[in-house]
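Residue-level listing of the chains:
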Amino acid sequence: MDSTSTVDRDTNNKDDEGEIQTPTSGGKRKETPPTSGASSQPSKVKRLLPTRSDVWVHYTRTKEDRDKCLCNHCQNTFSCLTSSGTSNLRKHLEVCKKHLAWSAGQKNKQPVIDDDGKLKKSLVTEGASYMVITVHFIDSSWRLKKLIIGFKHIMDHNGQTIVSVLLECLSEWGIDKVFCITVDNATANSSALRKFQSTFALGSDQAFVLDGEFLHMRCSAHIINLIVMDGMAEIDQNIVAIRNAISYVRSHTNRLRFFELKVDSGKITKGSLLLDVKTRWNSTYLMLTTTQKFKVAFDKMETEDKLYNDHFYELKNGVKRIEPPQLSD
């Protein structure tokens with residue numbers, strides 16, 4: 001039983017002026033807000049919450065506006081309001097070519113040598129394009145040297161891309177003087193070297209040996225390849241017939257085993273049957289010389305393997321394949 005008088009309770013309530021007790025406060029006192037004047041507490045700074053979505057691995061908010069962000073791959077700007085979610089950012093990653101190339105590269109690794117001379121894993125993208133830059137120079141002891149100074153991933157083969165990568169690589173190595181650059185006869189390379197000559201000359205009056213008179217050197221091996229390919233066009237049907245036959249045998253392990261049964265002696269592997277690269281005449285030469293060893297085996301395939309014969313009746317780009325190679329081929 002509470003023995004406190006009503007008068008005492010009223011007195012206590014007056015002593016607690018400025019404090020209000022609510023039924024939901026659990027007996028705790030709550031201060032009333034000040035009626036006038038500035039708040040005695042400093043204003044709270046808005047706390048930046050950490051990002052939770054995995055898409056932020058590929059984006060960076062801009063310093064000027066945190067509601068804008070840059071794609072780390074293509075450097076395009078996107079809206080990234082906290083209230084709007086990240087759906088637009090995720091959709092961009094599905095079509096961003098540079099992100100797709102990067103993503104594919106995560107699946108393939110090959111060993112390389114780092115700056116300390118140790119082996120480490122490096123990412124390489126299958127089906128991607130790379131540009132290799134090799135320099136030839138004479139050292140202080142008058143010895144001719146060759147060194148690969150760049151192995152760069154590129155998104156396309158247009159002239160602007162080539163010249164940008166080349167200038168960046170030369171800058172990385174501190175190379176400020178060039179005698180000549182050897183490339184093949186592609187139109188993009190000619191365009192790239194014209195742009196390179198005008199841009200690189202801005203760095204110094206001595207940027208080119210002999211004022212760049214011999215800057216653009218066309219690859220003699222590529223010229224010879226074009227000449228030979230033009231000559232082989234006369235026997236193109238024979239070459240295509242042999243190429244089709246080899247493609248069939250190499251396309252499946254079971255086909256390779258069946259072909260091996262037709263060979264009198266020796267074990268057959270994919271390496272035994274070389275398939276050429278159409279733009280490299282020397283590889284076509286190797287394909288033809290190795291195929292000569294298996295003339296009898298291919299003749300047996302034609303007479304005994306129905307699937308082999310059906311392969312040549314299939315349409316490729318709306319055109320029937322050239323028939324199996326004959327003795328005349």
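This section reports on the structure supplied with the text. (Residues numbered from 1 in each chain as written. Predicted model: local features only at pLDDT ≥ 70, side-chain atom pairs only at ≥ 80, totals over all residues. Heavy atoms only, no water.)

## Details of the layout of surface pockets
Step number 1: If you add up the space inside the largest pocket, you get close to 1,300 Å³.
Step number 2: For the largest pocket, the lining is made up of 38 residues, of which Val132, Thr134, Ile181, Thr182 and Val183 are closest to its centre.
Step number 3: In terms of residue count, the dominant contributor to the lining of the largest pocket is strand E8 (residues 129-138) (nine residues).
Step number 4: For the lining of the largest pocket, a count of residues per class yields 27 nonpolar, eight polar and three charged. (1 Å grid on protein atoms, 1.4 Å probe; cavity = no way out; pocket = protein on both sides within 12 Å on 5 of 7 lines; lining within 4 Å. Points joined across faces, edges and corners; volume = space filled by probe spheres on them. Helix = DSSP H or I, 4+ residues; strand = E, 2+ residues; numbered from the N terminus. Nonpolar A, V, L, I, M, F, W, Y, C, P; charged D, E, K, R; others polar.)

## Considerations on the pairing of strand E4 (residues 68-71)
Step number 1: Here three bridges tie strand E3 (residues 59-61) to E4, and the two strands are oriented antiparallel to one another. Its bridge partner being in E4, Arg61 is matched across the sheet by Cys69.
Step number 2: Between E3 and E4, which pair antiparallel in sequence order, lie six residues.
Step number 3: The pairing of E4 with strand E5 (residues 77-79) spans three bridges and is antiparallel. Each residue of the ladder has a partner; that of Lys68, found in E5, is Ser79.
Step number 4: Count of turn residues in the E4/E5 antiparallel hairpin: five residues, of which Gln75 carries a positive phi of about 65°. (Pairing = 2+ DSSP bridges.)

## Quick notes on the side chain of Asp139
Step number 1: Tracing the backbone through its elements, the reader meets Asp139 in the loop between E8 and strand E9 (144-154).
Step number 2: Of the residues examined, Asp139 reaches a relative accessible area of 17% and is grouped as buried.
Step number 3: A distance of 3.0 Å separates a polar atom in the side chain of Asp139 from the backbone nitrogen of Ser141.
Step number 4: Here the side chain of Asp139 touches Arg143 through a polar contact of 2.8 Å, landing on its backbone nitrogen. (Buried < 20%, exposed > 50% of the residue type's maximum accessible area, 1.4 Å probe, protein only. Polar contact = N/O pair within 3.5 Å; in protein donor to acceptor, adjacent residues only side chain to side chain.)

## Some points on the nonpolar core
Step number 1: One finds Val178, Ile181 and Phe196 to be the most contacted residues of the largest nonpolar core, which totals 21 residues.
Step number 2: Residues contacting Phe196, with those up to four places away along its chain left out, are Val163, Leu166, Leu167, Leu170, Val178, Ile181, Ala201, Phe208 and Leu215.
Step number 3: Counting 18 residues, the second largest nonpolar core, distinct from the first, contains Ile239, Tyr248, Met287 and Tyr308. (Core = buried A, V, L, I, M, F, W, Y, C linked by side-chain atoms within 4.5 Å. Contact = heavy atoms within 4.5 Å.)

## A closer look at helix H6 (residues 220-232)
Step number 1: Relative to the 18 Å expected for 13 residues at 1.5 Å per residue, H6 spans 18 Å between its end C-alpha atoms, a close match to the ideal helical length.
Step number 2: Buried within H6 are the following residues: His222, Asn225 and Met232. The buried residues of H6 occupy one face: seen down the axis, they fall within an arc of 85°. Relative to its buried face, H6 has exposed residues pointing more than 90 degrees away, namely Ser220, Ile227 and Asp230.
Step number 3: The secondary structure elements touched by the buried residues of H6 are helix H7 (236-250) and helix H9 (281-291). (Expected span 1.5 Å × (residues − 1). Arc of directions from axis to C-beta.)

## Concerning the sheet that holds E5
Step number 1: Reading across from one edge, E3-E4-E5 is the order of the three strands in this open sheet, with antiparallel pairing throughout. The sheet is open, and its two borders are formed by E3 and E5, each paired with just one other strand. Averaged over all neighbouring strand pairs, the angle between strand axes comes to 35°, with direction disregarded.
Step number 2: Across the face of the sheet, helix H2 (residues 87-95) comes into contact with E3, E4 and E5 while running at roughly 145° to E5. (Axes fitted to C-alpha atoms, helices over the stretch in contact; angles between N-to-C directions.)

## Thoughts on the packing of aromatic side chains
Step number 1: Under the definition given, this model contains nine aromatic pairs.
Step number 2: Arranged with centres 6.1 Å apart and planes meeting at 90°, the rings of Tyr59 and Phe78 form a pair that is edge-to-face. One end of the pair, Tyr59, is in strand E3; the other, Phe78, is in strand E5, and 19 residues separate them in sequence. No difference in accessibility class separates Tyr59 from Phe78, as the two residues are buried.
Step number 3: An aromatic cluster is defined as three or more aromatic residues linked by ring pairs; in this entry it consists of Trp56, Tyr59 and Phe78. (Phe/Tyr/Trp six-rings, centres within 6.5 Å; stacked < 30°, edge-to-face > 60°.)

## Remarks on the pairing of E8
Step number 1: Looking at chain direction, E8 and E9 are connected through 10 bridges and run antiparallel. Residue Val132 lies in a different strand from E9, and its bridge partner there is Phe151.
Step number 2: Counting the residues that bridge the hairpin from E8 to E9 gives five residues, and of these Trp142 lies at a positive phi of roughly 60°.

## Focus: H7
Step number 1: For H7, spanning 15 residues, the distance from its first C-alpha to its last is 21 Å, which sits close to the expected 21 Å at 1.5 Å a residue.
Step number 2: Contact partners of the buried residues in H7: H6, helix H8 (253-262), H9, helix H10 (295-304) and helix H11 (306-311).

## Some points on the side chain of His58
Step number 1: Mapped onto the fold, His58 is located in the loop between strand E2 (30-31) and E3.
Step number 2: A polar contact is formed between the side chain of His58 and the side chain of His73, at a distance of 3.1 Å.
Step number 3: The residues contacting His58, other than those within four sequence positions of it, are Leu70, Cys71, Asn72, His73, Leu93, His99 and Trp102.

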